[in-house]
Amino acid sequence: MPKSVRTPEERSADPAAQEMLIFADDIGLSTAFSRADAMVPCNIGAAGMCCKLCGMGPCRLTKDGQTGVCGATIDTIQARNLIRAIAAGGAAHSDHGRDMAFTLKAVANGETEGYFIRDVAKLRTLAAGYKIPIEGRAPEAIANDLADLYISQFGQQRGEIVPIQRAPAKRQKLWKEQGVIPRGVDREVVEALHRTHIGDDQDPTHILHHAIRTALADGWGGSMMATDISDILFGTPAPILGQANLGVLKDDMVNVVVHGHEPTLSEMIVAASQTPEIIEYAKAAGAKGVNLAGICCTANEILMRQGIPAAGNFLHQELSILTGAVEAMVVDVQCVMQALVSLAENFHTKIITTSPKVKIKGATHIEFNEHKALTIAKDILKVAIDNYANRKKTRIPNVRESLIPGFSHEYINYMLGGSYRASFRPLNDAIMSGRIRGVAAIVGCNNPRSQQDFSHTYVTQKLLKQDVLVVETGCGAIASAKLGLLLGEAGLDKVGPGLREVCETVGIPPVLHMGSCVDNTRILTVLTQMAEEGGLGDDISDIPAVGLAPEWMSEKALAIGTYCVASGAYVIFGGSSPVGGMPDRVEDSDLVLKYISEGWEELYGGKLEFIADADVMIEKTLEHIDKKRAALGLPAYEPDKFGKSDRFGNAEGHFRHGDERMLELEALPLAQRREALYGASPN
Ligand code: NFS
């Protein structure tokens, strides 16, 4: 058993995690945290300078001028390693999107059990955008055509993938000029693998050019289609009350943790858990019922649509088993640790794999398919319920926090303008006036090499104080949720005065939870709509916005970061750089590191940087936001302007619910309230 190098507090900022880590250490069980302590990372591989693409190596390069056996330089090797990671990340997201498209097709043709089309309005809007006839047609007929169109995007050989049309016109033109519009999702991934085979593409910037095209096939392709179809089948998210952290597990119920990524499985388990048959079955086993909780992006999918609680983010998967209270952990694809199986052997928890693509040695495999979805979901739950009798002592940390997730771009549009005047105008106006300084998207994973949740929540809180509106997805959103930052008014004491005014007027939390990692495409849509609304330039690269992944670890995160850069965003990753050079490399020799920052900025207006220090991340974020404000000719951000001098502020300069002025304002119809606050719209 590896000896703890770090204390539980150093390993995680989350008290529930600390409690479980102390227990794991006490009984001598390893977790990702202790394994990270015991495993010293290879600094050559970490910096992307190890090439193991053929049998002549692995070639480990450590000095400038050194090459691999074939003559490949450090720059070529780093570029090849980076594009391979992006291709793998994009493949994971996109294969998820493909399965969603097949499910939509099957639902449209009445071949599934338990699924139906929930959001007909979104289906019609999307179909109409692609010129699929909608008038007078049944939703199933429209869905069938949309499914065919989407399925064809994966194997398409020539032309342009269709969701690209949803980007700002100026951005599409730029991509065309650069020759980076994806032809087909699968084609770009395959080409990335071909180019990086021994003896192929050996010009680092040429390799990275294709990295952009591969990443765009994810963001404006596979991932975007996954989000679209999830909304059509399971409903477009709207705010809903939820809870997060291990304290959502229940002592008197059968706890089933769903973990992974695809909502096709988890949504059906939610449905099955609410059937009288399953409730009765659980009661017969002596439990009060079945309690579902999610981990990772599966958590986000069912949290924001159904209000099902999140047991935690990526690093909580092992910790939830340590509670001794989980009868079954049901997993599908991605971010599932192999260590779960051996850990679960120390408890009664059953690990159930369900995807035809993912088996783990020692786990129970119950294969899921959409044609018999509800029946299989019930079977899985019965296995969990049967296991309740084997439960021994439990230790569920009494730590949980409420949150309000569910901010789809459709809902943000609606909340800003109502059904008839849905619009991003108020948001743009608030940025233009300086009430909101800019926007930060804080997303991505946990990484056991850093203190769990610390960077996410530290950066989030510091930016909120600077009047930066924060949107979040993935495990980053769950980190903020656990700290109570995703609550309506409760979170408002943590934000700057200008942002606070906007949040209170619109009635939103200062951190908007927009969903899972494939839902980062919702952020692309929001940025596009902000650009199209007017006043903030005419492209995503003009908007005072930054993307951050402070605790990244997955290849998917690299794919997301790259498509955001290609879309015009400044993206900052924390932790270590997969293309960082050796510390003693000659200045200016880190070609790849420089190219993905300065080179890509010149070409796409966005750049990718790896910054380990959270304070530097914040500094760079604000610097970028202010630079973009200045370029747009907007007033410089003045921190004191709105707190004290606002015509509606109280003596301390803050709105508080129940204040006379606030009540006065709340009594006004929305349009007037907006005008009173923001002035007449300039357009
Ligand atoms: Ni995103 Fe979701 Fe979490 Fe990282 Fe894994 S769950 S897809 S990859 S760890 S944020």
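Reading the values: rules and limits
Residues numbered from 1 in each chain as written. Predicted model: local features only at pLDDT ≥ 70, side-chain atom pairs only at ≥ 80, totals over all residues. Heavy atoms only, no water. Helix = DSSP H or I, 4+ residues; strand = E, 2+ residues; numbered from the N terminus. Rg over C-alpha atoms; globule rule 2.2 N^0.38 Å. Buried < 20%, exposed > 50% of the residue type's maximum accessible area, 1.4 Å probe, protein only. Contact = heavy atoms within 4.5 Å. Areas by Shrake-Rupley, 256 points an atom, 1.4 Å probe, with all protein chains shown as cover. Near = heavy atom within 4 Å. Nonpolar A, V, L, I, M, F, W, Y, C, P; charged D, E, K, R; others polar. Domains from an automatic or database assignment. Core = buried A, V, L, I, M, F, W, Y, C linked by side-chain atoms within 4.5 Å. Pairing = 2+ DSSP bridges. Donors = N, O, S within 2.8 Å, 3.2 Å for Na, K, Ca; no water. Tetrahedral: all angles 85-135°; square planar, octahedral: opposite > 155°, others 65-115°. Phe/Tyr/Trp six-rings, centres within 6.5 Å; stacked < 30°, edge-to-face > 60°. Lys NZ or Arg CZ within 6 Å of the ring centre and 35° of its normal. Buried area = accessible area lost by both parts, 1.4 Å probe. Salt bridge = Lys/Arg side-chain N within 4 Å of Asp/Glu carboxyl O. Polar contact = N/O pair within 3.5 Å; in protein donor to acceptor, adjacent residues only side chain to side chain. Expected span 1.5 Å × (residues − 1). Axes fitted to C-alpha atoms, helices over the stretch in contact; angles between N-to-C directions. Parallel < 35°, antiparallel > 145°, perpendicular 65-115°, else oblique.

**Q** Quick one: what's the story with the overall build of the protein chain, residue by residue and with numbers?
**A** Scanning the protein chain from terminus to terminus reveals 28 helices and 16 strands. Its C-alpha atoms give the protein chain a radius of gyration of 25 Å, near enough to 26 Å, the size a compact globule of 683 residues would have. Considering only C-alpha atoms, the protein chain reaches an extent of 70 × 65 × 60 Å along its principal axes. Split into buried and exposed, the 683 residues of the protein chain put 62% on the buried side. Look at the contacts in the protein chain between residues 6 or more apart in sequence, and 74% of them connect residues 24 or more apart. Counting every atom, the protein chain has about 24,700 Å² of accessible surface; 53% of that belongs to carbon and sulfur.

**Q** Please give an account of the site of the ligand that cites residues and values.
**A** Close contacts around the ligand come from H261, C296, C297, F314, C335, G444, C445, C475, C517, M553, S554 and K556, and that covers them all. For the shell around the ligand, a count of residues per class yields eight nonpolar, three polar and one charged. Of the residues that make up the shell around the ligand, three or more belong to each of domain 3 (242–390) and domain 4 (427–575 + 611–635).

**Q** I'd like to hear about the nonpolar core, residue by residue, with values.
**A** Note on soluble globular proteins: their nonpolar side chains tend to be buried together. Counting 164 residues, the largest nonpolar core has W175 and M530 as its most contacted members. For this core, the leading source of residues is helix 10 (residues 204–234), giving 15 residues. Every residue in contact with W175, bar those within four places of it in the chain, is listed here: I164, A167, V180, I181, L216, W220, A566, S567 and Y604. In terms of nonpolar packing, the next biggest core, distinct from the first, is built from 37 residues, A24, A32, M329 and L343 among them.

**Q** Give a detailed account of the pairing of strand 7 (residues 326–331), specifying residues and quantitative values.
**A** On any regular strand, side chains alternate: one points to one face of the sheet, the next to the other face. Burial analysis of strand 7 places six of its six residues in the buried class, the great majority of the element. Two elements, strand 4 (residues 254–259) and strand 7, share five bridges in a ladder whose sense is parallel. Within the sheet, the bridge partner assigned to V258 lies in strand 7 and is V330. Where strand 7 and strand 8 (residues 350–353) come together, four bridges link them in parallel fashion. Looking at strand 8, one finds that A328 is bridged to K350.

**Q** I'd like a description of the pairing of strand 14 (residues 545–549), backed by residues and values.
**A** Burial of strand 14 is extensive: five of the five residues sit out of reach of the surface. The alternating pattern of strand 14 places A545, G547 and A549 on one face and V546 and L548 on the opposite face, and all of these are buried. Where strand 11 (residues 438–442) and strand 14 come together, four bridges link them in parallel fashion. Considered in strand 14, the bridge of V439 is made with A545. Here strand 14 runs beside strand 15 (residues 570–573); their pairing, made up of four bridges, is parallel. Among the inter-strand pairings, A549 is bridged to a residue of strand 15, identified as F573.

**Q** Tell me about the coordination of the nickel atom of the ligand, and name the residues and values.
**A** Protein coordination of the nickel atom of the ligand is limited to a single donor, C517 (SG), positioned at 2.3 Å. For the nickel atom of the ligand, the four donor atoms in the first shell make angles of 90 to 164 degrees at the metal, so the coordination geometry reads as irregular. By the element assignment, C517 lies in the loop between strand 13 (511–513) and helix 22 (520–533).

**Q** Tell me about the packing of aromatic side chains, residues and numbers included.
**A** All told, the structure shown has 10 aromatic pairs when counted by the stated rule. Through a chain of ring-to-ring contacts, the aromatic side chains of F407, Y411 and Y414 assemble into a single cluster. K382 extends its terminal NZ or CZ atom over the ring of Y281, reaching a point 5.5 Å from the ring centre. Over the aromatic face of Y570 sits the side chain of K607, whose NZ or CZ is 4.5 Å from the ring centroid.

**Q** Can you tell me about the domain arrangement of the protein chain, naming the residues and giving the values?
**A** With domains assigned, the protein chain is organised as domain 1 (8–60), domain 2 (74–234), domain 3 (242–390) and domain 4 (427–575 + 611–635). The interface is formed by 12 residues belonging to domain 1 together with eight residues belonging to domain 4. Roughly 740 Å² is buried in total at the junction of domain 1 and domain 4, and carbon and sulfur atoms are behind 50% of that figure. Of all residues in domain 1, A13, D14 and A36 bury the most surface against domain 4, accounting for 45% of the area lost on that side. At the surface where domain 1 touches domain 4, the tally comes to one salt bridge. In this structure, D14 and K482 form a salt bridge, with 2.9 Å as the shortest nitrogen-oxygen distance. In this structure, the connection of domain 1 to domain 4 is made through seven residue pairs in polar contact (both at pLDDT 80 or more). Mapped by element, the contributors of at least two residues to the side of domain 1 that touches domain 4 are helix 1 (8–11) and helix 3 (32–38). When the residues that make up the side of domain 1 that touches domain 4 are grouped by side-chain class, the tally is seven nonpolar, one polar and four charged.

**Q** Break down helix 5 (residues 74–108) for me, with residues and values.
**A** In a regular helix each residue adds 1.5 Å, so 35 residues correspond to 51 Å; helix 5 covers 50 Å between its end C-alpha atoms and thus fits that length. When you tally the buried positions in helix 5, you get 26 out of 35 residues, the bulk of the element. Trailing helix 5 by a residue or two, G110 shows a phi angle of about 65 degrees, which is positive.

**Q** Give a description of the packing of helix 12 (residues 276–284) against helix 16 (residues 373–386) that names residues and reports values.
**A** The geometry of helix 12 relative to helix 16 is characterised by a closest axis approach of 10 Å and an angle of 10 degrees between their N-to-C directions. Classified by the angle between their axes, helix 12 and helix 16 sit roughly parallel to one another. Together, E277, I278, Y281 and A282 of helix 12 and K378, L381, K382, I385 and D386 of helix 16 make up the contact between the two elements. Residues belonging to the contact of helix 12 with helix 16 are distributed by class as follows: five nonpolar, no polar and four charged.

**Q** Account for the packing of helix 17 (residues 409–417) against helix 22, naming residues and giving values.
**A** Two elements in contact, helix 17 and helix 22, have axes whose closest approach is 9 Å; the angle formed by their N-to-C orientations is 40 degrees. The orientation of helix 17 with respect to helix 22, classified from their angle, is oblique. Contacts from H409, E410, I412 and N413 of helix 17 reach helix 22 at R522, T525, V526 and Q529. Looking at the contact of helix 17 with helix 22, its residues break down into two nonpolar, four polar and two charged.

**Q** Describe the sheet that holds strand 15, with residues and values.
**A** Whenever strands of a sheet pair, they do so through backbone hydrogen bonds, lying parallel or antiparallel. Taken together, six strands build an open sheet; the order of strands is 13-12-11-14-15-16 and the sheet is parallel. The open sheet has two edge strands with one neighbour each: strand 13 and strand 16 (607–610). In this sheet, adjacent strand axes meet at a mean angle of 20 degrees when their direction is disregarded. By the bridge criterion, four bridges tie strand 15 to strand 16 in an arrangement that is parallel. From the neighbouring strand, F573 faces strand 16, where its bridge partner is F610.

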